[in-house]
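# A structural walkthrough
Residues per chain are reported as follows:
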Amino acid sequence: MRRMVLDGACRPLRLESRPAPPAPAPGQVLIRVAACGVCRTDLHVVDGELTRPKLPLIPGHEIVGRVAAIGGGVGHWALGDRVGVPWLGWTCGSCRQCRAGHENLCERARFTGYDIDGGYADYAIADARYCFALPAAYDDVAAAPLLCAGLIGYRALRFAGTAERLGLYGFGAAAHIAVQVARHRGQTIFAFTKPGDSAGQDFARSLGAAWAGGSDQLPPERLDAALIFAPVGALVPAALAATSPGGTVVCAGIHMSEIPAFPYALLWQERVVRSVANLTRQDGEEFLALAPQVPVRTTTEPFPLAEANTALDRLRRGEIEGAAVLVP
Ligand SMILES: [Zn+2]
Ligand SMILES: [Zn+2]
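Fair warning: this is a prediction, and the values are worked out from it, not measured in the lab. (Residues numbered from 1 in each chain as written. Chains lettered and ligands numbered in written order. Predicted model: local features only at pLDDT ≥ 70, side-chain atom pairs only at ≥ 80, totals over all residues. Heavy atoms only, no water.)

## Considerations on the coordination of the zinc ion (ligand 1)
For a metal with four donors in a tetrahedral arrangement, the ideal angle between donors is 109.5 degrees, while six donors in an octahedron ideally sit at 90 or 180 degrees. Under the convention used in this document: Each metal's donors comprise the N, O and S atoms found within 2.8 Å of it (within 3.2 Å for Na, K or Ca). Water is not part of the atom list, so some coordination spheres may appear incomplete. A site with four donors is called tetrahedral when every donor-metal-donor angle falls between 85 and 135 degrees; four donors are called square planar, and six octahedral, when opposite donors sit more than 155 degrees apart and all other angles fall between 65 and 115; any other arrangement is irregular. Burial classification: accessible surface area is computed with a 1.4 Å probe over protein chains only, and a residue below 20% of its type maximum counts as buried, one above 50% as exposed, and the rest as partly exposed.
Every protein donor of the zinc ion (ligand 1) is accounted for by Cys-92 (SG), Cys-95 (SG), Cys-98 (SG) and Cys-106 (SG), and the metal-donor separations fall at 2.3 to 2.4 Å. The coordination sphere of the zinc ion (ligand 1) comprises four donor atoms, whose angles at the metal cover 102 to 118°; the geometry is tetrahedral. We note that the donor set of the zinc ion (ligand 1) lies within a single chain, spaced as C-x2-C-x2-C-x7-C. Owing to a relative accessible area of 4%, Cys-95 belongs among the buried residues under this scheme.

Here's what the structure looks like:
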């Protein structure tokens, strides 16, 4: 089996060959990977902005594949079943957060492609309880971005409530799915890209955004809520300035550059700034049932597994329309 290995921050991934895939332990499944999405979080790991990955590490937490071996005690998957593996790889089930139903905030959570080897490989091991069944309407490559970009966007949308006018800052993999779900709910979307990114703005309008412009612009109407997907702290005061009294600004990324100081007047009048962290299995089940009803269509750019570094470079430079997906 081949695998792309991170030995340390700010180093390219190294292609490694192993004679055989690992064997699943009790409770685990071995998955023959068919596709693995490339998420911005992977970039934050490779670039050292998320500082505590296991090393060496196989990144990748949008894994689509088929069950190739089953460990002891796993009853609900059969050989050949198609499964999806998300970022949430394991939770303790007993800490205060888990007991309160917030497994996304588990104090001992372990994440795929960070604490656990992920899907930039021919095979991956996963805890069977954290794998999802995937809707049949999606082929393997099209399904991959649903598993993080789609899920995180879905969770972020929930915190935006019933906002009529919704801003999306950063129009990458997550926003290109969120815009479709939000339109399905009858929300009006205002998409913000890097200033001057007319291709990104065209892409946003093609997916149903009512308006698209640069993040340095104000939308034609005040927003009721805004989701920030770009890892840029300066977008927090920018989004607050575009948001109505009582509106919410949701930071949906796992990492963001420092938020600059801003006048209290931007927050005043009951505006809210909050973050969204990780996912629960319930989020996954809800979103994967909803996606084919919308129907969400994912825009993907496939790369061979061995070209993972190229995919990461292209994502870092903002050159991917939709989502990059590795295909072993
Ligand atoms: Zn826990
Ligand atoms: Zn992700």
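## Observations concerning the coordination of the zinc ion (ligand 2)
This is how it is decided: What counts as a helix is a DSSP run of H or I of at least four residues, what counts as a strand is a run of E of at least two, and both are numbered from the N terminus.
At the metal site, the zinc ion (ligand 2) is ligated by Cys-39 (SG), His-61 (NE2) and Cys-148 (SG), and these contacts range over 2.0 to 2.2 Å. Counting along the primary sequence, the residues that act as donors to the zinc ion (ligand 2) give the motif C-x21-H-x86-C. Here Cys-39 is found in the loop between β3 (28-38) and α1 (40-46), whereas its partner His-61 is found in the loop between α1 and β4 (63-70), with 22 residues between them in sequence. For the residue pair Cys-39 and His-61, the accessibility class agrees, reading buried in each case.

## What about the packing of aromatic side chains?
Aromatic rings in a pair are described by how distant their centres are and how their planes are angled relative to each other. Defined as follows: Stacked, tilted and edge-to-face pairs are distinguished by plane angle, under 30 degrees for stacked and over 60 for edge-to-face with tilted covering the rest, among Phe, Tyr and Trp rings (Trp via its six-membered ring) whose centres lie within 6.5 Å.
Following the criterion strictly, the structure yields eight aromatic pairs and no others. On the numbers, 4.8 Å between centres and 10° between planes, the contact of Trp-87 with Phe-111 is stacked. Here Trp-87, found in the loop between β5 (82-85) and β6 (88-90), pairs with Phe-111, found in strand β7 (residues 110-111); they are 24 residues apart in sequence, far enough to count as distant. A centroid spacing of 4.0 Å and a plane angle of 0° characterise the contact between Tyr-169 and Phe-192, whose relative ring orientation is stacked.

## Here's the deal with the side chain of Asp-283
Put simply, the rule is: Residues adjacent in sequence count toward polar contacts only when both atoms are side-chain atoms; beyond that, a polar contact is any pair of N or O atoms within 3.5 Å, and within protein one must be able to donate a hydrogen and the other to accept it.
Looking at where Asp-283 falls in the secondary structure, it is placed in helix α8 (residues 281-290). With relative accessibility at 2%, the residue Asp-283 sits in the buried group. Reaching out from Asp-283, the side chain makes a polar contact with the backbone nitrogen of Thr-280 at a distance of 2.9 Å.

## What to know about the pattern of salt bridges
Here is the rule we go by: Between Lys or Arg on one side and Asp or Glu on the other, a salt bridge is scored when a side-chain nitrogen of the former is within 4 Å of a carboxyl oxygen of the latter.
Counting across every chain of the model gives 21 salt bridges. Between Arg-158 and Glu-286 there is a salt bridge, with the nearest N and O atoms lying 3.5 Å from each other. With Arg-158 in helix α4 (residues 149-159) and Glu-286 in helix α8, this residue pair connects regions lying 128 residues apart in the sequence. Of the charged contacts, one joins Arg-314 and Glu-319 as a salt bridge, the two residues approaching to 3.2 Å between their closest N and O atoms. In this structure Glu-319 comes out as partly exposed when scored by relative accessible area, which is 39%.

## Some points on the packing of α4 against α8
Threshold: Angles shown run from 0 to 180 degrees and are taken between the N-to-C directions of axes, each axis being a line fitted to C-alpha atoms and, for helices, limited to the stretch in contact. Angles below 35 degrees are treated as roughly parallel, those above 145 as roughly antiparallel, those between 65 and 115 as roughly perpendicular, and all remaining angles as oblique. Throughout, a contact is declared for two residues whenever any of their heavy atoms are within 4.5 Å. Under the convention adopted here, Pro, Cys and the residues Ala, Val, Leu, Ile, Met, Phe, Trp and Tyr are nonpolar, Asp, Glu, Lys and Arg are charged, and Gly plus all remaining residues are polar.
One can describe the packing of α4 onto α8 by two numbers: an axis separation of 10 Å at closest approach and a directional angle of 100°. In terms of axis orientation, α4 runs roughly perpendicular to α8. For the pair α4 and α8, the contacting residues are Gly-150, Leu-151, Tyr-154, Arg-155 and Arg-158 in the first and Asp-283, Gly-284, Glu-286, Phe-287 and Leu-290 in the second. The residue makeup of the contact of α4 with α8, split by class, is four nonpolar, two polar and four charged.

## Notes on the nonpolar core
Nonpolar side chains tend to gather and get buried jointly when the protein is soluble and globular. Basically, it comes down to this: Definition of nonpolar core: a set of buried residues of the types Ala, Val, Leu, Ile, Met, Phe, Trp, Tyr and Cys, connected through side-chain atoms within 4.5 Å.
Judged by nonpolar contacts, the single largest core of 97 residues is most densely connected at Tyr-120, Leu-166, Leu-168, Leu-227 and Phe-287. Considering each element in turn, this core owes the most residues, seven residues, to helix α5 (residues 173-184). In this structure Leu-168 touches Ala-175, Val-179, Ile-189, Phe-190, Ala-191, Phe-192, Leu-227 and Phe-229, once residues within four positions along its chain are discounted. One finds Tyr-169, Ala-226, Val-249 and Cys-251 within the second-largest nonpolar core, a separate group that totals 15 residues.

## Notes on the environment of Pro-59
Mapped onto the elements of the fold, Pro-59 is located in the loop between α1 and β4. What makes Pro-59 buried here is its relative accessible area of 1%. Among residues more than four places away in sequence, those in contact with Pro-59 are Met-4, Leu-13, Gly-113, Gly-118, Gly-119 and Tyr-120.

## Concerning the sheet that holds strand β13 (residues 223-228)
Threshold: Pairing between strands is defined by DSSP: at least two bridges between the two strands are required.
Strand order across the open sheet formed by six strands is β12-β11-β10-β13-β14-β15, with parallel pairing between neighbours. With one partner strand each, in any of the chains shown, β12 (211-214) and β15 (272-275) form the two edges of the open sheet. Pairwise comparison of adjacent strand axes, ignoring direction, gives a mean angle of 20° for this sheet. Sheet topology note: the β13/strand β14 (residues 243-251) ladder contains five bridges and is parallel. Note on β14: the bridge partner recorded for Ile-228 is Cys-251. In the packing of α4 onto the sheet, contacts are made with β10 (165-169), β13, β14 and β15, and the angle to β14 comes to roughly 155°.

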